Amino acid sequence: MLSTLGITSKNSNATLIEALILSFPLPMFYKLESSKTFITNKAFDTLAGENKKQILESMKKIQVTHNTKFELKLTTDLGKTIDTITHISEVAEGRLGVIIDISDQLKAKASIH
């Protein structure tokens, strides 16, 4: 899978990144800086649906300084807008991102106030 990014399976960092991406239950993506291709896991693909390309394009524009965390509203392919926290870190000459849906937490917090 990561061979599309120019990373060989002989590279232990690539093996670790691939294992993390594929096994993690939260939506994740990885982009090697020298490549235009993103690798995503099933949770990301399910979340993004047909909006996958649009979401990944917006992630390319984010300026990453080692560890970057920000809130972002995303629209799923079903037209539902969700609130997320996205964490992006520089890992093995690329960007590793994790998206966490915080919609329910924000609704609960709003109902308290």
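Refer to the structure printed above.
Residues numbered from 1 in each chain as written. Predicted model: local features only at pLDDT ≥ 70, side-chain atom pairs only at ≥ 80, totals over all residues. Heavy atoms only, no water.

Engineer: I'd like a description of the packing of aromatic side chains, backed by residues and values.
Structural biologist: Under the defined criterion, the tally for this structure stands at two aromatic pairs. Ring geometry for phenylalanine 29 and phenylalanine 38: centres 5.8 Å apart, planes at 65°, overall edge-to-face. Accessibility expressed as a relative area gives 1% for phenylalanine 29, which makes it buried. Summarising the aromatic geometry, the rings of phenylalanine 29 and phenylalanine 44 are spaced 6.0 Å apart at their centres and angled 65° between planes, so their arrangement reads as edge-to-face. Of the two residues, phenylalanine 29 sits in strand E1 (residues 28-32) while phenylalanine 44 sits in helix H2 (residues 42-48), which places them 15 residues apart along the sequence. Ring pairing ties together the aromatic residues Phe29, Phe38 and Phe44, which thus form one cluster. (Phe/Tyr/Trp six-rings, centres within 6.5 Å; stacked < 30°, edge-to-face > 60°. Buried < 20%, exposed > 50% of the residue type's maximum accessible area, 1.4 Å probe, protein only. Helix = DSSP H or I, 4+ residues; strand = E, 2+ residues; numbered from the N terminus.)

Engineer: Quick one: what's the story with the pattern of salt bridges, residue by residue and with numbers?
Structural biologist: This structure, assessed with the given rule, holds three salt bridges. With a shortest N-O distance of 3.0 Å, aspartate 45 and lysine 52 are connected by a salt bridge. Taking the relative accessible area as the measure of exposure, aspartate 45 reaches 30% and is therefore partly exposed. Exposure remark for lysine 52: the relative accessible area of 27% places this residue in the partly exposed category. (Salt bridge = Lys/Arg side-chain N within 4 Å of Asp/Glu carboxyl O.)

Engineer: So what's going on with the sheet that holds strand E5 (residues 94-101)? Which residues, and what values?
Structural biologist: Taking strand neighbours across the sheet as the criterion, the five strands line up as E2-E1-E5-E4-E3 in an open arrangement whose pairing is antiparallel. If you trace the sheet from one side to the other, it starts and ends with strand E2 (38-40) and strand E3 (67-75), each paired once. Adjacent strand axes in the sheet meet at a mean angle of 25° when their direction is disregarded. Pairing analysis gives nine bridges linking E3 to strand E4 (residues 81-91), with the strands arranged antiparallel. Residue lysine 69 lies in a different strand from E4, and its bridge partner there is histidine 87. (Pairing = 2+ DSSP bridges. Axes fitted to C-alpha atoms, helices over the stretch in contact; angles between N-to-C directions.)

Engineer: Summarise the side chain of threonine 68; cite the residues concerned and give the values.
Structural biologist: By the element assignment, threonine 68 lies in strand E3. The buried category is assigned to threonine 68, whose relative accessible area is 14%. The residues touching threonine 68, leaving out its near neighbours within four places in the chain, are Ile62, Gln63, Thr86, His87 and Ile88. (Contact = heavy atoms within 4.5 Å.)

Engineer: Before we move on, can you summarise the nonpolar core with the specific residues and values?
Structural biologist: Of all hydrophobic cores here, the largest spans 14 residues; its most connected members are Phe29, Phe44, Ile55, Met59, Leu74, Ile88 and Ile99. When contributions to this core are tallied by element, the ones reaching two or more residues are H2, helix H3 (52-60), E3 and E4. Once you skip the residues sitting within four places of it in the chain, phenylalanine 29 turns out to touch Phe38, Ile39, Thr40, Phe44, Leu56, Met59, Ile88, Arg95, Leu96, Gly97 and Ile99. The next biggest cluster of nonpolar side chains, apart from the first, holds eight residues, and it includes Ile17, Leu32, Ile39 and Val98. (Core = buried A, V, L, I, M, F, W, Y, C linked by side-chain atoms within 4.5 Å.)

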